[in-house]
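Each chain, written out:
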Amino acid sequence: MKYLGFGLVFASLLSVSGMELGSAYAANSGEGSTVMKEMLLAYYYPQKDAQSDVFMRIVNRQGQSRERRLAMLRLDKTDGGEQFYYIYFHEPADVQGMSFLVLKHPGRDDDRWLYIPSIDLVKRIATSDKRTSFAGSDFTYEDVSGRDLDEDEHELLGEEALGEYSTFLVKSTPKRSGDVEFSYRKLWIDKTTHLPVKVEHYDLKGTLYKVYETRQVQSIEGTPTITKAAMKDIGSGHETEITIKAITYDVGLTPDLFQERLLRRAPSQWIRR
Amino acid sequence: MKPNRLFQLILDHPKIVLGVTLALTVFFLAQFPKIAIDTDPKHMLPETSPVRQYNDQVERDFALHPDVIVLGIVNPEGVFNVRTLTRVKELTRAIQELPGVISRDVDSLTTVDNITSTKGELIVKPALGTVPQSGAGLSVLRKSLLGNPLFVNRFVSHDATTLALFIPIEPSVNGKEIADKIRSLLPKDSGGDTFYLAGDPVARDTFGTEMFRQMALFSPIAGMVMCVALWFMFRNVTVIIANMTVAMISIIWSMGGLIALGYPVHIMSSMSPVFLMAIATDAVHIFNEFAFRLREVKDKRTAISETMKVVGPPVFYSDVTTAVGFAALATGAIVPLKIFGLVIGFGTLVILVMSYTLVPAVLMLIPEKHILKMAQAHGKGPNEGPSWLSHLGKFCVARTKPILLAGFVLFVVAVAGLSQIRVNNNMVHWFKWKSVVRTADRVMNEHLGGTSTAYLVIQAKDEGAIGKPALLREIEGLQRELEKDPLVGKTFSAADYVKRVNQVLHDDSPAFDRIPDSEREVGQYLFLLQSAAKPRHLDNVVDFSAKTANIILQLKSWDAGVMKKVIARADAFLKEHPLPEGAKVKPAGIAYFNMVWNHEVLWGMLTSFLWGLVLVLALLVFETRSFLWGCVSFLPLLFTIALIYGVVGLIGKDFDMPVAVLSTLSLGMAVDFAIHFVSRFQQRYREYPDLKEALIWTVARPGKGIFLNAILFALGFAVMGFSALTPYITVGILMAAIMILSSVMSVVYLPALIHLFRRWLLKTGPSS
């Protein structure tokens, strides 16, 4: 009896302090946006450009795995604004040479092109759907290139210690609920690096279904960089781990590299075949 | 003799008998709250069965949901109008929010992407995004959706009158409850749209719910009907109470035992109450004889002792044969049937024990006044009764030959009917034609690809083999061949996806509606598909390592025979066109599953039936201590069964699970009358060795008990004829028919047969 009584008192204390915290931060939802903006910049826009080698392993429930190796070039037109992406697949062997070119426009649909070497075809892709899988992985296209800040309402729920990280906890709720398969996301963002440590996705019924997790952060040329991350789909038992094998910042990429006609002949200076 | 001493002890302490029985009953009754039901057809086979294990593996390998509800929206004016499309959008969203629904895997036009090609551009967007508000916009949408072969007859019917949503649910939830929740979301004002819910979980769980309701309704009605009949027969409340108490006790003990052992209640065991009530009517023989005896000896205790002495043995043997007949079901492989057989077998033994303990004890406790009234009331009946029954007896003895000839003619007709029997099982047909579930299934099958699903799994030897154009072409060829069957409404596989990508990448040119020539091309298309569509859709048709592929078939009928034809067609095609590099094809899916257990039921039942026949014959020979007498007692039973199943064959009723099960059950039950008849005839003949007189007496006196028993039995079962579920109707009507027929056969044909074979029978039989 005594024990139970103590538990109850303890629980009520907790909920009181939780309420105080919640109301204090909810009053200023702008803080949530600020934290998110800092995260987007740190995660998707570090330095002016980047050249990276990426390795991806997708494992299904039965433990079977698929692997991909790709090269990615990124160039920012403006910090937090328009961006160029060039993605070239090395592996699996039968898709070697398949490439994507993306001109990211925050606030409207991106321009995307695709090169299919087996039929030597460049196709422009018009899509409003950014939630499609990135190369068959559990990451969506949007997870890889960043979701627009204005798509969601961001609310700072509080501060939390997560392992070695001290984080801000942000809840992002889509403004137009019909467009995406989640009802909201919870993001734990490292206070020092502004990089996401963990992201939980909740489905339309409010059930957790997908979890992003940062597994390794390295300082590359002084820039804190996530070099290993995983996305786990709880429903399907799928998991994808992305490893940045090598990354170099500010290599001097220029906009003329990101052109549709260059898809047929990948710039060998930047992409080692 | 010991048994007699024991019996006298019971007569000395009737109250203790009552008390002990009550205590045990309370114990078994206490188990009832733990009840669980199971109507999943997959559980027909044991967990260790290879078919079930392989099916589970296929579902895992291809990320397939085992339980999918299909919501159909039919509008004869066409579904491409603003109102219907808006509804689909809203409904999809609302359904995704229902608990128990696997939200992200709900497939609807609003959740799947359509990839099209316009002016050299690849357009990837939800098949139904923003609903177009203009007529022109609607017709563009219509054209684009009907132009995607992956959608036609799956998400939208080829004539654009029907749309479908596929709603996977979690394995632990009840399909009927989800279906009811979906129904509550449907708009009140339909405005030309009609909504239908179909799919295995709906049918299965609706059946489960209905099963309980029907049994809760019909068990008491059957009991009441029997009570009324008993009143007309004996005009004594105590007899009714004793009879019904025996029935209730056996029901409570056997069902309680089943639940206590942790078994779920299946469709068959749900019918146990009615069966046990009917079997409990065996006690009528005791009451019948007791009423006769009491009038003769006037002393209650002597009357009981004498009654048990003459009726005891036939009651013992008839109950044991019944128990054996049911227990024979346990030799088969079908789990619910095994359980059912054992439940009823056990219940019958309980009835037997009660006949020797509780029934005499109750008779001991009836006050003398009531008892004499009962004897007189019963006496009134027989004044008219025996007259026509003894007329019948005289007729049977006098007209042996015409009776036997008529029997022979009927037998030939029955055999002709037996050859017409069509073995089939169809879960949806367990509902009546006009029922919601069956109507939904029928309408959906008229408009779309089909509500029943089968898988043909292509197992190659090497990883990546599925990406070889030669194999994909073979898969495509197999699909086209299978689609020749009008009941195969839709097939889809990795080949369809690859072809679709090929065509779309080539500006929708029909020339590219084919499998590309190089493996590299296929590989790159599959890679694209992984990023374009929901990865799960591709996972459904090709596994991670591209070593196995899955052809998904939609069938328009739940008939087990359809799947059999599909497999035969596939085998024939593969014989002509063997798959490259030794790849093999293996079937799975609910349709295949139903086919397998349907087959198992047939052969399981046939084996059980043959075993039952042998066992019953052996018991009869043992009981009569004569092979010939055993055979003669056996004939009315054989004749009854041949006739009943002959009629089943002639009227074209499917020989499905309920019917198959009855064949075995009827054995143990229908033989009871012959046992009583022969046993009592032999007793009488020993006392008064006049053949004709003994036969006529047997027809008149135990014959009355037999008819009373049969009528009670038939009335109890006939009530189920008014059920909403066809298996109950089938069981009710067939059981009633079997009982009436076998009583008539026993009473009419046994005198004729005994008279005909008198020289052999009476020399070896009771003459000594």
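Residues numbered from 1 in each chain as written. Chains lettered and ligands numbered in written order. Predicted model: local features only at pLDDT ≥ 70, side-chain atom pairs only at ≥ 80, totals over all residues. Heavy atoms only, no water.

Chemist: Mind showing me how you'd approach the overall build of chain B here?
Modeler: Tallying secondary structure elements over chain B gives 28 helices and nine strands in all. Counting only C-alpha atoms, chain B reaches 105 × 50 × 45 Å along its principal axes. Evaluated residue by residue, chain B yields a buried proportion of 62% over its 768 residues. Look at the contacts in chain B between residues 6 or more apart in sequence, and 80% of them connect residues 24 or more apart. A total accessible area of about 29,800 Å² is found for chain B, and carbon and sulfur atoms account for 64% of it. (Helix = DSSP H or I, 4+ residues; strand = E, 2+ residues; numbered from the N terminus. Buried < 20%, exposed > 50% of the residue type's maximum accessible area, 1.4 Å probe, protein only. Contact = heavy atoms within 4.5 Å. Areas by Shrake-Rupley, 256 points an atom, 1.4 Å probe, with all protein chains shown as cover.)

Chemist: Just to check I follow, could you spell out the domain arrangement of chain B for this structure?
Modeler: Interfaces are frequently sized by the accessible area removed from exposure as the parts join. Assigned domains of chain B: these are domain 1 (2–42 + 235–428 + 595–764), domain 2 (68–199) and domain 3 (461–582). Using C-alpha coordinates to define each centre, domain 1 of chain B is positioned 55 Å away from domain 2 of chain B. (Domains from an automatic or database assignment.)

Chemist: Would you mind showing me how to read the confidence of the model for chain B here?
Modeler: Atomic detail in the predicted coordinates should be set aside for any region of low pLDDT. All names here are of chain B. Of all residues in chain B, 96% have pLDDT values of 70 or greater, and the mean over the chain is 83. Scored below 50 in pLDDT, residues 380–385 shows five contacts in the model against residues more than four places distant or in partner chains. pLDDT under 50 marks residues 764–768. Its contacts with residues more than four places away, or in other chains, come to eight contacts. For this predicted complex, the interface confidence comes out at an ipTM of 0.85, alongside a pTM of 0.81. (pLDDT = per-residue confidence, 0-100.)

Chemist: Where do I start with helix α21 (residues 560–576) of chain B in this structure?
Modeler: Note that an α-helix has 3.6 residues per turn; residues three or four places apart therefore point the same way. Residues and elements named next belong to chain B. Between its terminal C-alpha atoms α21 stretches 25 Å, which fits the 24 Å expected from 17 residues at 1.5 Å a residue. Of the positions making up α21, those classed as buried are Ala560, Val562, Met563, Val566, Ile567, Ala570, Phe573 and Leu574. Down the axis, α21 shows its buried residues gathered within 160 degrees of arc, on one side only. Of the exposed residues in α21, the ones pointing more than 90 degrees away from its buried face are Lys564, Lys575 and Glu576. Packing partners of the buried residues in α21 comprise β6 (452–459), α17 (469–482), β7 (488–492), β8 (548–555), β9 (584–588) and α22 (590–624). (Expected span 1.5 Å × (residues − 1). Arc of directions from axis to C-beta.)

Chemist: Can you walk me through the sheet that holds β7 of chain B in this structure?
Modeler: Residue and element names in this part refer to chain B. Pairing is antiparallel across the open sheet formed by four strands, whose spatial order is β7-β8-β6-β9. Edge positions in the sheet fall to β7 and β9, since each of these pairs with one other strand and no more. When strand polarity is set aside, the average angle formed by the axes of neighbouring strands in this sheet is 25 degrees. Pairing geometry for β7 and β8, over four bridges, is antiparallel. (Pairing = 2+ DSSP bridges. Axes fitted to C-alpha atoms, helices over the stretch in contact; angles between N-to-C directions.)

Chemist: Explain a positive patch on the surface to me, please; I cannot follow it from the model alone.
Modeler: All names here are of chain B. Residues Lys401, Lys692, Arg758 and Arg759 make up a contiguous surface patch of positive charge. Its place among the elements puts Arg759 in helix α28 (residues 758–764). Judged by relative accessible area, which is 63%, Arg759 ranks as exposed. (Patch = residues over 30% accessible without salt bridge, like charges linked within 9 Å, V, L, I, M, F, W, Y side chains within 5 Å. Salt bridge = Lys/Arg side-chain N within 4 Å of Asp/Glu carboxyl O. Lys, Arg positive; Asp, Glu negative; His and termini not counted. Charge placed at Lys NZ, Arg CZ, Asp CG, Glu CD.)

Chemist: Explanation requested: the interface of chain A and chain B in the structure shown.
Modeler: In this assembly, 42 residues from chain A lie in contact with 39 residues from chain B. Together chain A and chain B conceal approximately 3,400 Å² of surface at their shared face, both sides included; 55% is due to carbon and sulfur atoms. Where chain A meets chain B, there are three salt bridges. Note that Glu121 of chain B and Arg124 of chain A form a salt bridge whose closest N and O atoms lie 2.7 Å from each other. At the junction of chain A with chain B, the criterion picks out 15 residue pairs in polar contact (both at pLDDT 80 or more). Looking at which element gives the most residues to the side of chain A that touches chain B, the answer is strand β6 (residues 121–127) of chain A, with six residues. Counted by class, the side of chain A that touches chain B contains 17 nonpolar, 15 polar and 10 charged residues. (Buried area = accessible area lost by both parts, 1.4 Å probe. Polar contact = N/O pair within 3.5 Å; in protein donor to acceptor, adjacent residues only side chain to side chain. Nonpolar A, V, L, I, M, F, W, Y, C, P; charged D, E, K, R; others polar.)

Chemist: What am I meant to see in the pattern of salt bridges here?
Modeler: Two side chains carrying opposite charge are able to pair once their charged atoms lie near each other. Residue and element names in this part refer to chain A. Inspection of the entire model under this criterion finds 42 salt bridges over all chains. For Arg74, the salt bridge is made with Asp76, and the minimal N-O distance between the two is 2.9 Å. The two residues Arg74 and Asp76 agree in class, both being buried. Between Glu82 and Lys77 there is a salt bridge whose closest N-O contact spans 3.4 Å. A network of salt bridges, in which partner residues are shared, links Glu213, Arg215, Lys232, Glu239 and Glu241.

Chemist: What's the story with the sheet that holds strand β5 (residues 194–198) of chain B in this structure? I'm lost.
Modeler: Residue and element names in this part refer to chain B. Within the open sheet, the three strands sit side by side as β4-β1-β5. Their pairing is antiparallel. At either end of the open sheet lies a strand with only one pairing partner, and these are β4 (162–168) and β5. The mean inter-strand angle of the sheet, taken between neighbouring strand axes irrespective of direction, is 20 degrees. Along the sheet, helix α4 (residues 82–96) makes contact with β1 (68–74), β4 and β5, crossing β4 at roughly 5 degrees.

Chemist: Explain the side chain of Asp496 of chain B here, please?
Modeler: Residue and element names in this part refer to chain B. Turning to its location among the elements, Asp496 is positioned in helix α18 (residues 494–505). What makes Asp496 buried here is its relative accessible area of 13%. Looking at Asp496, its side chain comes within polar contact range of the side chain of Gln479, at 2.8 Å. Those residues within four positions of Asp496 in sequence are excluded, and the remaining contacts are Leu150, Gln479, Arg480 and Thr491.

Chemist: I tried to follow the packing of aromatic side chains on my own but got confused; where do I start?
Modeler: Describing an aromatic ring pair means giving the distance of the ring centres and the angle of the ring planes. Tallying each qualifying case throughout the model produces 25 aromatic pairs over all chains. With a centroid separation of 5.6 Å and an interplanar angle of 80 degrees, the aromatic rings of Phe639 of chain B and Tyr749 of chain B are classed as edge-to-face. Placement of the pair is Phe639 of chain B in helix α23 (residues 627–650) and Tyr749 of chain B in helix α27 (residues 726–756), with a sequence separation of 110 residues. Taking the ring centre of Tyr184 of chain A as reference, the NZ or CZ of Lys171 of chain A above it sits at 4.4 Å. The side chain of Lys198 of chain A reaches across the aromatic face of Trp188 of chain A, ending 4.8 Å from its centre. (Phe/Tyr/Trp six-rings, centres within 6.5 Å; stacked < 30°, edge-to-face > 60°. Lys NZ or Arg CZ within 6 Å of the ring centre and 35° of its normal.)

Chemist: For this particular structure, what's the right way to read the confidence of the model for chain A?
Modeler: Averaged over every residue, the pLDDT of chain A is 82; the share at 70 or more is 88%. Segment residues 1–28 of chain A: pLDDT under 50, and six contacts once partners within four positions in sequence are set aside and those in other chains are kept.

Chemist: Honestly, the nonpolar core in this entry has me stumped. Any pointers?
Modeler: One finds Leu71, Phe275, Phe717 and Ile754 of chain B to be the most contacted residues of the largest nonpolar core, which totals 302 residues. A total of 17 residues in this core trace back to one element, the largest contributor, which is helix α24 (residues 657–687) of chain B. Ignoring any residue separated from it by four or fewer positions in sequence, one finds Ile754 of chain B in contact with Trp629, Val632, Phe677, Phe681, Leu691, Leu695 and Leu761 of chain B. Within the second largest apolar cluster, 18 residues are counted, among which are Leu73, Leu75, Leu263 and Ile271 of chain A. (Core = buried A, V, L, I, M, F, W, Y, C linked by side-chain atoms within 4.5 Å.)

Chemist: What am I meant to see in the environment of Met308 of chain B here?
Modeler: Residues and elements named next belong to chain B. Among the structural elements, Met308 can be located in helix α11 (residues 300–327). Judged by its relative accessible area of 9%, Met308 is buried. Ignoring any residue separated from it by four or fewer positions in sequence, one finds Met308 in contact with Phe7, Ile286, Pro313, Ser355, Tyr356 and Pro360.

Chemist: Looking at this structure, how should I read the packing of helix α8 (residues 237–260) of chain B against helix α10 (residues 283–297) of chain B?
Modeler: Two packed helices can be described by the angle between their axes and the distance between those axes. Residue and element names in this part refer to chain B. Their axes nearest at 10 Å, the elements α8 and α10 cross at an angle of 155 degrees. With respect to α10, the axis of α8 lies roughly antiparallel. Crossing handedness for the pair α8 and α10: right-handed. Contact residues: α8 offers Val239, Ala242 and Asn243, while α10 offers Ala283, Val284 and Phe287. Tallied by class, the residues present in the contact of α8 with α10 amount to five nonpolar, one polar and no charged. (Parallel < 35°, antiparallel > 145°, perpendicular 65-115°, else oblique. Left-handed = near helix turned anticlockwise from the far one by under 90°.)

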